[in-house]
Amino acid sequence: MSTQKTGTIAVFGATGQQGGAVVDALLDHKARVRALVRDPQSDRARTLAARGVELATVRADDPASLATALAAVEGFYFMTPEANSLEEVEAEIRIGTALVDAAAEAGVPHVVFNSVFGADRESGVPHHDSKHAIEQHLRKSGLRASMVRATAFMENFTNVMAPSLEQGEIVLRLPLPNDVPLKMISVRDIGRVAAALLLDTAQAPGGAVELVGDELTGPQIAAAFGAHAGLPARYEVLPLSVLPTDLDRVMFREFAKAAEYPTDSAVVCSIEPATLDLAEWIRASGWTAPTNVAGS
Ligand SMILES: NC(=O)c1ccc[n+]([C@@H]2O[C@H](COP(=O)([O-])OP(=O)(O)OC[C@H]3O[C@@H](n4cnc5c(N)ncnc54)[C@H](OP(=O)(O)O)[C@@H]3O)[C@@H](O)[C@H]2O)c1
């Protein structure tokens with residue numbers, strides 16, 4: 001992939017997981033990057049600056065700050081922050097809408113929105129329907145727009161979905177039926193695909209790319225971790241009630257309908273040929289089996 005654009009690409013969310021991966025990929029291609037940050041003194045913002053990223057201080061509810069930050073940029077990437085309540089969903093829509101409006105006002109030539117798998121429709125999942133609403137707003141803005149629709153991050157297996165080691169066996173527990181495949185992507189590849197679109201070295205067919213690097217059932221995921229660790233592995237289905245929020249419960253209920261929404265990983269691979277499947281991500285991430293849980 002060669003960089004075709006030479007102007008500045010603005011990135012909202014650059015201090016976070018996905019935006020950070022977009023910055024990594026853009027810098028790999030020697031692109032000029034301006035990060036829109038809340039706090040230019042934060043450790044993560046300073047780290048970006050040390051890597052040559054220009055910082056623009058913004059507040060999503062301050063159009064003047066956004067106008068300054070988006071002046072004369074060639075492309076704009078944005079994601080929206082995690083929402084764990086209906087109030088936060090409303091805030092997410094406000095932020096996304098403000099960013100789209102600011103990009104339209106500034107006449108940004110190309111906007112890439114980091115949405116979510118399924119945001120092409122209303123699904124009843126509040127923090128997915130919020131992204132659907134932002135996608136709709138972006139499409140109506142008249143801007144040239146591309147959506148990258150992320151599925152579950154493989155990185156979740158290092159925290160909220162981490163397998164455990166119990167009596168010499170890898171154990172994965174998720175609130176997902178045994179036979180339902182989970183669609184997933186590495187954060188690195190979200191960044192690489194978004195960067196390719198921003199740099200115009202690839203296009204999103206129909207204006208959107210569904211980001212899937214692998215699709216595996218719970219038992220298959222457990223087996224992948226077990227194979228890497230050289231240990232036996234098992235999967236257990238958890239009840240939805242273990243999830244911390246209503247939003248997550250509705251989301252996992254939607255995940256269980258995976259068969260209704262097939263995906264085409266070939267599109268992702270055509271943009272990023274080195275897209276990681278789970279086994280490759282396990283190796284690349286340096287994942288190692290956790291320590292035995294107490295008492296086992
Ligand atoms: N986890 C998954 O498997 C998954 C899958 C698909 C989609 N998603 C979606 O991905 C999104 C989260 O992405 P992520 O994990 O990359 O986020 P993240 O790592 O939590 O980063 C959030 C970024 O947003 C910035 N931010 C947060 N609130 C802000 C505000 N009010 N004004 C300005 N900047 C703000 C943060 O900046 P600061 O440094 O200032 O805090 C940070 O750069 C959510 O919308 C979630 O629904 C998640």
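Quick caveat: nothing in here was measured; it's all calculated off a predicted structure.

Draft legend 1. Spatial organisation of the overall build of the protein. Summing up its helical and strand segments, the protein has ten helices and 13 strands in all. The C-alpha radius of gyration of the protein comes to 19 Å, within 12% of the 19 Å expected for a compact globule of 296 residues. Expressed along its principal axes, the backbone C-alpha trace of the protein runs to roughly 60 × 35 × 35 Å. Of all 296 residues assigned to the protein, the portion counted as buried reaches 51%.

Draft legend 2. View of the sheet that holds strand E12 (residues 214-216). Ordered in space as E7-E10-E12, the three strands form an open sheet in which the pairing is mixed. Strand pairing shows two members of the sheet lacking a second neighbour, strand E7 (152-153) and E12, which therefore form its edges. Pairing of E7 with strand E10 (residues 182-185) involves two bridges; the strand directions are parallel. Along E10, the bridge assignment pairs Phe153 with Ile185.

Draft legend 3. Representation of a negative patch on the surface in the model. Taken together, the side chains of Glu82, Glu87, Glu88 and Glu90 present a region of like negative charge at the surface. Along the chain, the position of Glu90 falls in helix H4 (residues 86-106). Here Glu90 falls in the partly exposed class, since its relative accessible area comes to 46%.

Draft legend 4. Representation of the site of the ligand in the model. In the region of the ligand, 20 residues are neighbours, and Thr15, Gln18, Arg38, Thr80 and Asn156 sit closest. Here an oxygen atom of the ligand sits 2.9 Å away from a polar atom, N or O, in the side chain of Lys131. When the ligand is considered free in solution it has 940 Å² of accessible area, and contact with the protein chains removes 77% of it. Listing elements by their share of the shell around the ligand, those giving two or more residues are helix H1 (17-28), H4 and E7. Among the residues making up the shell around the ligand, the classes are represented as eight nonpolar, eight polar and four charged.

Draft legend 5. Fine view of the sheet that holds strand E11 (residues 208-211). With parallel pairing, the seven strands of this open sheet are ordered in space as E3-E2-E1-E4-E5-E6-E11. Single-partner strands in this sheet number two, and they are strand E3 (54-57) and E11. Strand-to-strand twist in this sheet, taken as the mean axis angle between neighbours without regard to direction, amounts to 20 degrees. Along the sheet, H1 contacts strand E1 (8-12), strand E2 (32-37), strand E4 (75-78), strand E5 (111-116) and strand E6 (145-150); its crossing angle with E1, the most-contacted strand, is approximately 165 degrees. On top of the sheet, H4 reaches E1, E4 and E5; it is set at about 180 degrees to E4, its chief contact.

Draft legend 6. Layout of the UniProt feature "domain: NmrA-like" (unreviewed entry) in the protein. Sites flagged by UniProt as "domain: NmrA-like" (unreviewed entry) map to residues 6-265. Spanning residues 6-265, this segment combines 38% helix with 22% strand, and its end C-alpha atoms are found 29 Å apart.

Draft legend 7. The pairing of E2, seen in detail. Most of E2 is tucked away, with five of its six residues classed as buried. Relative to E2, E1 runs parallel, the two being bridged by five bridges. Following the sheet pairing, Phe12 is matched in E2 by Leu36. Crossover E1 to E2 through H1 is right-handed. Bridge count for E2 against E3 is four bridges, and the pairing is parallel. Bridge pairing links Leu36 to Ala56 in E3.

Draft legend 8. A look at H4. For H4, built from 21 residues, the straight-helix expectation of 30 Å at 1.5 Å per residue is met to within 8% by its first-to-last C-alpha distance of 30 Å. Residues Val89, Glu92, Ile95, Gly96, Ala98, Leu99, Val100, Ala102 and Ala103 constitute the buried set of H4. Lining the buried residues of H4 we find E1, helix H3 (63-69), E4, E5, helix H5 (126-140) and helix H8 (246-255). Downstream of H4 by a residue or two, Gly107 has a phi angle that is positive, lying close to 65 degrees.

Draft legend 9. Main features of the environment of Ala204. You can see Ala204 is positioned in the loop between helix H6 (187-198) and E11. What makes Ala204 buried here is its relative accessible area of 12%. Taking the C-alpha atoms as reference, Ala204 lies 19 Å from Met184; in sequence the two are 20 residues apart. In this structure Ala204 touches Ser146, Leu197 and Val209, once residues within four positions along its chain are discounted.

Reading the values: the criteria
Residues numbered from 1 in each chain as written. Predicted model: local features only at pLDDT ≥ 70, side-chain atom pairs only at ≥ 80, totals over all residues. Heavy atoms only, no water. Helix = DSSP H or I, 4+ residues; strand = E, 2+ residues; numbered from the N terminus. Rg over C-alpha atoms; globule rule 2.2 N^0.38 Å. Buried < 20%, exposed > 50% of the residue type's maximum accessible area, 1.4 Å probe, protein only. Pairing = 2+ DSSP bridges. Patch = residues over 30% accessible without salt bridge, like charges linked within 9 Å, V, L, I, M, F, W, Y side chains within 5 Å. Areas by Shrake-Rupley, 256 points an atom, 1.4 Å probe, with all protein chains shown as cover. Salt bridge = Lys/Arg side-chain N within 4 Å of Asp/Glu carboxyl O. Lys, Arg positive; Asp, Glu negative; His and termini not counted. Charge placed at Lys NZ, Arg CZ, Asp CG, Glu CD. Near = heavy atom within 4 Å. Polar contact = N/O pair within 3.5 Å; in protein donor to acceptor, adjacent residues only side chain to side chain. Nonpolar A, V, L, I, M, F, W, Y, C, P; charged D, E, K, R; others polar. Axes fitted to C-alpha atoms, helices over the stretch in contact; angles between N-to-C directions. Contact = heavy atoms within 4.5 Å. UniProt positions renumbered as here; feature names shortened; annotations may be inferred. Right-handed = clockwise from strand over helix to strand, strands pointing away. Expected span 1.5 Å × (residues − 1).

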